[in-house]
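Survey of secondary and tertiary structure
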Amino acid sequence: MCGIVGYIGTVSAKGLLVEGLKRLEYRGYDSAGIAVMGDKGIDIERAVGRVANLEGKLEGRKGFGGSLGIAHTRWATHGAVTETNCHPHTDNAGKICLVHNGIIENYAAIRTWLGKRGHTFNSETDTEALACLVAELYDGDLEAAGNAALKEVTGAYAIAVISTEEPDVLVCARKGGPLMVGVGSGEYVVASDPSAIVAHTNRAFALDDYNVVRLTRDSIRTSTIHNKDVTPKVMMLEAQLEEIELGGFDHYMQKEIFEQPRALRTTLRGRIDRDEGRIVLGGLLNNAKELVRARKLIMTGQGTALHAGMIGEYLFEDFAKIPTEVEYASEFRYRNPIVEEGTVVCAISQSGETADTLAALDEAKDKGALALGIVNSVGSTISRSTDAGVYLRVGPEIGVASTKAFTGQVAVLTMMSLFLGRRRLMSVEKCKQMIGELEGVPDKIELVLQQADQIKAVTEKHIEKENWLFMGRGVNYPTALEGALKLKEISYIHAEGMPAAEMKHGPIALITDGLPAVFIANQGAQYTKVLANIAEVRARGGHVIAVATEGDAEIKDHADDILWVPEIAEPLSPLLTVVPLQLMAYYAALLRGHDVDKPRNLAKSVTVE
Ligand code: AGP
């Protein structure tokens, strides 16, 4: 979604705000804008396209020397991608200037009400209506005017607002959209996520829903929109600057694919007791008894996170023998689900800010479920809304296409299923064996990554093809879905994932001469069935690309191209079989000349419904 940056301090705000926008650009990149408090009013510049376009326009502009400002990078919700619709937005008199992430659902009624009071509107946005509402309600106190306006809106918001009437005050507020406050010495940096803060301070706190913060250069007040004081919980940001730099790679997605071995070593570190054959998850210990006695687990999330949850279903039922279901969060939240006693709901989310997943979590809690979070972003809304949870610890994921977060989620789900299995019916020997397999995953991913050139070559052979199929069985059926999602979201090639057996029930009609059909055909319980499905595709002219186990001689008679992965226990195989699919998607996007890290229409975190 959109990215917000704000600064109040003692140095020039312009450069800091533009740099912050660049770090947030992965959140949304249709257009960008900046506002800096000047001596004679607010200096504002906006540009369609990337932040670099805004930077170019600023080069020619006078002003922008002030040390208080706000900025915004947009993922359009209301109104086309035009300069008029760019944030920041002001009221007609230019007295109030505001940036906003979220959706004001009742903005049309607000516009009508304001129109009757003489306000006019230049843009199609809900945000401009909010700026005018703050101006209408302003009575000498910007924070009070903001509170009064926010009490009138329904929907989600994270806002930063400044006013010419109070040129040394920055007010921010949130409900449903993430906003963090970085606490520096004599300065504050507010932003949608830590990546725009860590360059200035690693002390920060996240605003909770209905929180408001009023900042001056030497004061801070955190309260609710009902003017009740709130004590912020300042934490140390784990993300380090080098983690959000490209570090010699061409793209964040490339970096994040190749850093999976290191990231997963961090995910596993300190959580495995090899000698005892136990998994140690501190975040679950307080609820271990309730978890061990769970009668049902529900995995929920969206996109890649949901695919990880689908793998979790196989793992929990195999290792922990607990009935497990998987639900799209967006469906779960609205279907009035039956949540019986002993149900545990697991919200899976890299960003920890996905609106549908957060709402599904709230629905589950309302119905009495124990709420767990499997989240990457420390201090994110979902992580603060759960009863317990496990952080991925894979480091910030900047590329819009999720890669290391997926393998991190699967690794955490594997550990959780062993954590519970060991406390239930799983033997110590089986647990020790799986732990050994899990510990070997990072090195085995390294081996897969060494084949990057071959994977690129196979991808290049089919780069003109507009339709691909991805098929797998068992625990690799969700891996096939993930491979299809990766390809379509960054190369814009249409791709469909499915259980291999399902192909015969319709999709086989899609098989035409040369159609790329990717099969996850590693050694597993249904290997011969996969070979049969491969034969059905080849008999109709499909071109079969098989992800297969090193040393498998038989597959050579069945596949046109083979991408090898090391041998591994089948339940853990998605951690390896997904890597060639990630790389194929990366190279397909590259070869098609697309922006790998900022694919069209997408954003890294979907904080609106
Ligand atoms: C994955 O590549 C996509 N970017 C998207 O499906 C993503 O997984 C989904 O939006 C969920 O995001 P979350 O993990 O931050 O909740």
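Please refer to the structure placed before this passage.
Criteria and cut-off values
Residues take numbers from 1 onward in each chain, read along the sequence in its written order. Reporting of local features is limited, given that this is a predicted model, to residues whose pLDDT is at least 70; pairs of side-chain atoms are given and counted only at 80 or more, and all residues count toward the totals for whole chains, interfaces and linings. Side-chain figures throughout are based on the complete set of non-hydrogen atoms in the structure, without hydrogens or water. Here a strand pair is declared whenever DSSP counts at least two bridges between the two strands. Helix and strand definitions follow DSSP, with helices as H or I runs of at least four residues and strands as E runs of at least two, each counted in order from the N terminus. One heavy atom within 4 Å of a molecule or strand makes the whole residue count as near it. N or O atoms within 3.5 Å of each other form a polar contact, as long as, within protein, one can give a hydrogen and the other can take it, and as long as residues adjacent in sequence are counted only when both atoms are side-chain atoms. Shrake-Rupley sampling with a 1.4 Å probe provides the accessible areas, and residues are treated as covered by the protein chains on show and by no other component. Amino acid classes used here: Ala, Val, Leu, Ile, Met, Phe, Trp, Tyr, Cys and Pro are nonpolar; Asp, Glu, Lys and Arg are charged; the rest, including Gly, are polar. Cysteine sulfur atoms are paired as a disulfide whenever they come within 2.5 Å of each other. A pair of aromatic rings is counted whenever rings of Phe, Tyr or Trp (Trp by its six-membered ring) have centres within 6.5 Å, and the orientation is called stacked for planes under 30 degrees apart, edge-to-face for over 60 and tilted otherwise. Ring-over charges, as used throughout, are those where CZ of Arg or NZ of Lys falls within 6 Å of the ring centre and within 35 degrees of the ring normal. Classification of residues uses two cut-offs on accessible area relative to the type maximum, computed with a 1.4 Å probe and protein chains only: under 20% is buried, over 50% is exposed, and between them is partly exposed. Here, residues are in contact when the closest pair of their heavy atoms is within 4.5 Å. Any Lys or Arg side-chain nitrogen found within 4 Å of a carboxyl oxygen on Asp or Glu counts as a salt bridge. Among the buried residues, those of types Ala, Val, Leu, Ile, Met, Phe, Trp, Tyr and Cys that are joined through side-chain atoms within 4.5 Å form a nonpolar core.

Details of the sheet that holds strand β7 (residues 155–163)
- Ordered by their spatial adjacency, six strands build an open sheet running β5-β6-β7-β8-β12-β13, and the pairing between neighbours is antiparallel. Every interior strand has two partners, whereas the edge strands, β5 (89–90) and β13 (219–224), have only one.
- Of the strand pairs in this sheet, β5 and strand β6 (residues 96–104) are connected by two bridges, and their pairing is antiparallel. Across the sheet, residue His-89 finds its bridge partner in β6, namely Leu-98.

Some points on unusual backbone geometry
- Omega for the peptide link from His-87 to Pro-88 comes to 0°, which places this bond in the cis form.
- Within the secondary structure, Pro-88 is located in the loop between β4 (68–74) and β5.
- Even without a glycine there, the phi angle at Asn-336 is positive, about 50°.
- Along the chain, Asn-336 falls in the loop between α10 (329–332) and β19 (343–349).

Some points on the site of the ligand
- Inspection of the region around the ligand gives 14 residues, with Ser-349, Gln-350, Ser-351, Thr-354 and Glu-489 positioned closest.
- Here an oxygen atom of the ligand sits 3.1 Å away from a polar atom, N or O, in the main chain of Thr-304.
- A distance of 2.8 Å separates a nitrogen atom of the ligand from a polar backbone atom of Val-400.
- In the complex, the protein chains occlude 92% of the 410 Å² of accessible area that the ligand would expose alone.
- Elements supplying a minimum of two residues to the shell around the ligand: α9 (303–320) and α16 (477–491).
- Of the residues that constitute the shell around the ligand, the class distribution is four nonpolar, eight polar and two charged.

Description of the state of the cysteines
- Summed over all chains, the structure comprises zero disulfides.
- For Cys-346, which is in no disulfide, the shortest distance to another cysteine sulfur is to Cys-431 and amounts to 18 Å.

Observations regarding the packing of aromatic side chains
- What the rule picks out here adds up to three aromatic pairs.
- Directly above the ring of Phe-419 sits Arg-423, whose terminal nitrogen or CZ lies 3.9 Å from the centroid.
- Here Arg-600 stacks its cationic end above the ring of Tyr-492, 3.9 Å away from the centre of that ring.

Observations concerning the pairing of β6
- With eight of nine residues buried, β6 is to be regarded as a mostly interior element.
- With antiparallel pairing between neighbouring strands as the criterion, β5 and β6 make up a hairpin whose turn holds five residues, including Gly-94 at a positive phi of roughly 70°.
- Here nine bridges tie β6 to β7, and the two strands are oriented antiparallel to one another. Within the sheet, the bridge partner assigned to Gly-102 lies in β7 and is Tyr-157.

Observations regarding the environment of Ile-110
- You can see Ile-110 is positioned in helix α3 (residues 107–115).
- In this structure Ile-110 comes out as buried when scored by relative accessible area, which is 8%.
- Considering only alpha carbons, one finds Ile-110 and Ala-388, 278 residues apart in sequence, at a separation of 39 Å.
- Setting aside anything within four residues of it in sequence, one finds Ile-110 in contact with Ile-104, Ala-129, Leu-133, Glu-152 and Val-153.

Description of the pattern of salt bridges
- All chains considered together, the criterion is met by 29 salt bridges.
- Across the pair Glu-19 and Arg-23 runs a salt bridge, and its minimum N-O distance is 3.6 Å. Of this pair, Glu-19 and Arg-23 are both found in helix α1 (residues 13–24), four residues apart, which corresponds to roughly one turn of the helix.
- Residue classification places Glu-19 among the partly exposed positions, given a relative accessible area of 34%.

What to know about the nonpolar core
- By size, the foremost hydrophobic cluster in this structure holds 89 residues, and its most contacted members are Leu-284, Leu-372, Met-416, Trp-468 and Phe-470.
- No other element matches the twelve residues that helix α18 (residues 574–591) contributes to this core.
- Every residue in contact with Leu-284, bar those within four places of it in the chain, is listed here: Leu-291, Leu-372, Ala-388, Gly-389, Val-390, Met-416 and Phe-419.

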